[in-house]
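These are the residues of each chain, in order.
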Amino acid sequence: MNEIIIRKIIPFYKIHILLIQMSETAREIKEALLTLDREKLIQTTKTSLDKGENPQELLSAITAALREVGDKFESGEFFLVELVSAGEAAKTVISEYLKPVLKKIGSEGKHLGVIAIGTVAGDIHDIGKSIVASMLFTAGFEILDLGVDVTVEKFIETVKNGNVDVVAMSALLSTTLPMQRETIEALKKKDLRDKVKVIVGGSPVTEEWAKEIGADGFADNASEAVRLVKKILDISER
Ligand code: B12
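Calculation criteria
Sequence order sets the numbering: in each chain, residues are counted from 1 along the sequence as written. At least 70 in pLDDT is required for a residue's local features to be given in this predicted model, at least 80 for side-chain atom pairs to be given and counted, and no such filter applies to totals for whole chains, interfaces and linings, which use all residues. No hydrogens and no water enter the side-chain calculation; it runs on all heavy atoms of the structure. Donor criterion used throughout: N, O or S atom within 2.8 Å of the metal, extended to 3.2 Å for Na, K and Ca. Water excluded; incomplete-looking sites may result. By the criteria applied, helices consist of DSSP H or I runs no shorter than four residues and strands consist of E runs no shorter than two, each listed in order from the N terminus. The nearness test applies per residue and asks whether one of its heavy atoms lies within 4 Å of the molecule or strand. Under the rule applied, a polar contact is a pair of N or O atoms within 3.5 Å (in protein, one hydrogen donor and one hydrogen acceptor; residues adjacent in sequence only if both atoms are side-chain atoms). Points on a 1 Å grid over protein atoms alone make up a cavity when a 1.4 Å probe fits among them but cannot get out, and a pocket when they form an open set with protein on both sides within 12 Å along at least five of seven lines; lining residues each have an atom within 4 Å of a point. To qualify as sitting in a cavity or pocket, a molecule needs more than half of its atoms within 2 Å of the grid points. Lys, Arg, Asp and Glu make up the charged group, whereas Ala, Val, Leu, Ile, Met, Phe, Trp, Tyr, Cys and Pro make up the nonpolar group; the residues left over, Gly among them, are polar. Summary of the burial criterion: residues with accessible area below 20% of their type's maximum are buried, those above 50% are exposed, and those between are partly exposed, where the area comes from a 1.4 Å probe applied to protein chains only. What the arc covers is the set of directions going from the helix axis to the C-beta atoms. Contacts are assigned to residue pairs with any non-hydrogen atoms lying within 4.5 Å of each other. As used here, the term nonpolar core means buried Ala, Val, Leu, Ile, Met, Phe, Trp, Tyr and Cys residues forming a set that is joined through side-chain atoms within 4.5 Å. Annotation comment: domain bounds sourced from an automatic or database domain assignment. The criterion for strand pairing is that DSSP finds at least two bridges linking the strands in question. In this analysis, axes come from line fits to C-alpha atoms, helices being fitted only over the stretch in contact, and the angle between any two N-to-C directions falls in the range 0 to 180 degrees. Any Lys or Arg side-chain nitrogen located within 4 Å of an Asp or Glu carboxyl oxygen qualifies as a salt bridge.

The sole protein-derived ligand of the cobalt atom of the ligand is His125 (NE2), positioned 2.3 Å away. As for its position among the elements, His125 is in the loop between strand 1 (114–120) and helix 5 (127–139).

Turning next to the site of the ligand. In the region of the ligand, 36 residues are neighbours, and Ile124, His125, Asp126, Ser170 and Ser174 sit closest. Ala222 places a polar main-chain atom, nitrogen or oxygen, 3.5 Å from an oxygen atom of the ligand. Here the ligand is seated within the largest pocket. Here the element with the most residues in the shell around the ligand is helix 3 (residues 55–74); it accounts for 6 residues. Broken down by class, the residue content of the shell around the ligand amounts to 18 nonpolar, 12 polar and 6 charged.

Turning to helix 6 (residues 152–161), a few remarks are in order. Since there are 3.6 residues in each turn of an α-helix, residues three or four apart along the chain are aligned in direction. Along helix 6, the positions that sit buried rather than exposed are Val152, Phe155, Ile156, Thr158 and Val159. Angularly, the buried residues of helix 6 cover 160 degrees about the axis, an arc narrow enough to put them on a single face. Exposed side chains of helix 6 directed beyond 90 degrees from the buried face belong to Glu153, Lys160 and Asn161. Those residues of helix 6 hidden inside the fold are in contact with strand 1, strand 2 (142–150), strand 3 (166–170) and helix 7 (178–189).

Our focus in this paragraph is the nonpolar core. If you look at the biggest cluster of nonpolar residues, it comprises 42 residues, and the most contacted ones within it are Leu33, Ile62 and Leu98. Of all the elements in the fold, those that place two or more residues in this core are helix 1 (2–34), helix 2 (38–50), helix 3, helix 4 (80–105), strand 1, helix 5, strand 3 and helix 9 (222–232). Of the domains in this structure, domain 1 (2–105) and domain 2 (114–232) are the two that each give at least three residues to this core. Residues within four places of Leu33 in sequence aside, it is in contact with Leu41, Ile62, Ala65, Leu66, Val69, Ala86, Ala89 and Ala90. With 27 residues, the next largest nonpolar core counts Val150, Val152, Leu187 and Ala215 among its residues.

A word on the sheet that holds strand 5 (residues 217–218). In space, the 5 strands of this open sheet follow the order 2-1-3-4-5, with parallel pairing throughout. The strands lining the two open edges of the sheet, one partner per strand, are strand 2 and strand 5. Examined bridge by bridge, strand 3 and strand 4 (residues 197–201) share 5 bridges and lie parallel to one another. Across the sheet, residue Val166 finds its bridge partner in strand 4, namely Lys197. Against the sheet, helix 7 engages strand 1, strand 3 and strand 4, with an angle of about 155 degrees to strand 3.

Below, the discussion takes up the pattern of salt bridges. Counted according to the given criterion, the structure contains 11 salt bridges. The partner of Arg27 in a salt bridge is Glu24, and the shortest N-O contact between them spans 2.9 Å. A residue pair is termed a helical-turn pair when its members lie 3 or 4 positions apart in one helix, as Arg27 and Glu24 do in helix 1 at 3 residues. For Arg27, a relative accessible area of 42% translates into the label partly exposed. Its relative accessible area of 36% is what places Glu24 among the partly exposed residues. The partner of Arg193 in a salt bridge is Asp216, and the shortest N-O contact between them spans 2.8 Å. Within this pair, whereas Arg193 is found in the loop between helix 7 and strand 4, its partner Asp216 is found in the loop between helix 8 (207–212) and strand 5, the two being separated by 23 residues in sequence. Note on Asp216: relative accessible area 30%, which makes it partly exposed. Among the charged side chains, a salt-bridge network with shared partners connects Glu24, Arg27, Glu31 and Lys40.

This is a description of form; function is not addressed.
Here it is, written out as structure tokens:
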């Protein structure tokens, strides 16, 4: 009897310990990014991956911390140099440590569809776009990553020439947000709109904006983006 109770308690205890570790990691990630301590960010990431913590949770912690960096920039507490330094540190950790782990978790040879993803013209923010691309890849989609500063013409050409199921556009600046609308309008003009689904994201993007410009959906983080794509492509597995 006691043994059964202990067996039930131990996994619960382990999960509990992992959750405590995770919030401690999130706190350290935030501290490292806000003090622009690149070494600490790398060390914290490595240690937490060694402990078996979930890379997706680490990505969420980095995202939340970067949003705080953005708030400090907006309020004048941080300057461009700090914005650049935090962005570069986050990018290094994501591409060198987190992406390889996500890749290993892998998609087990699934091929759920083709996503052409890019950050719109005039915009060079690529951290969020790349996280979304990695998570979609991990979920089993083929990714055509068009990079940053992607022109309307490039999106159109990719849809015309490729077997694209979904066009995914990221925009982080209020000045580049209209490029999402322009791309959708251009797809209509070229009679390509019915050929693909279009999803949009980025920190200034909202559900209302997505509806207004005629996108098929919006997600405000990478896990939601995976759920959204599966929903609009009618893929029933979780
Ligand atoms: C890091 C950063 C930079 C770095 C970017 C480095 C890089 N390689 O990407 C650098 C220093 C280059 C930079 C430059 C600039 N930046 Co900047 N930057 C940021 C910051 C702090 C973080 C962005 C980020 O990476 N966040 C982390 C990622 C993971 O989050 P995310 O991008 O939101 O992505 C998530 C979701 O939005 C969603 N998502 C994202 N894309 C997509 C796409 C799809 C299809 C879907 C479904 C979902 C989805 O999923 C992602 C994962 O969860 C933001 C602050 C903020 N609040 O966003 C400012 C911010 C975006 N920047 C800002 C500004 C003003 C600039 C500059 C104009 C500064 C200047 N004076 O030069 C330049 C513009 C350069 C250009 N032409 O693009 C402003 C924009 C204000 C506005 N509303 O227009 C912000 C909001 C800061 C602020 N609060 O003032 N920036």
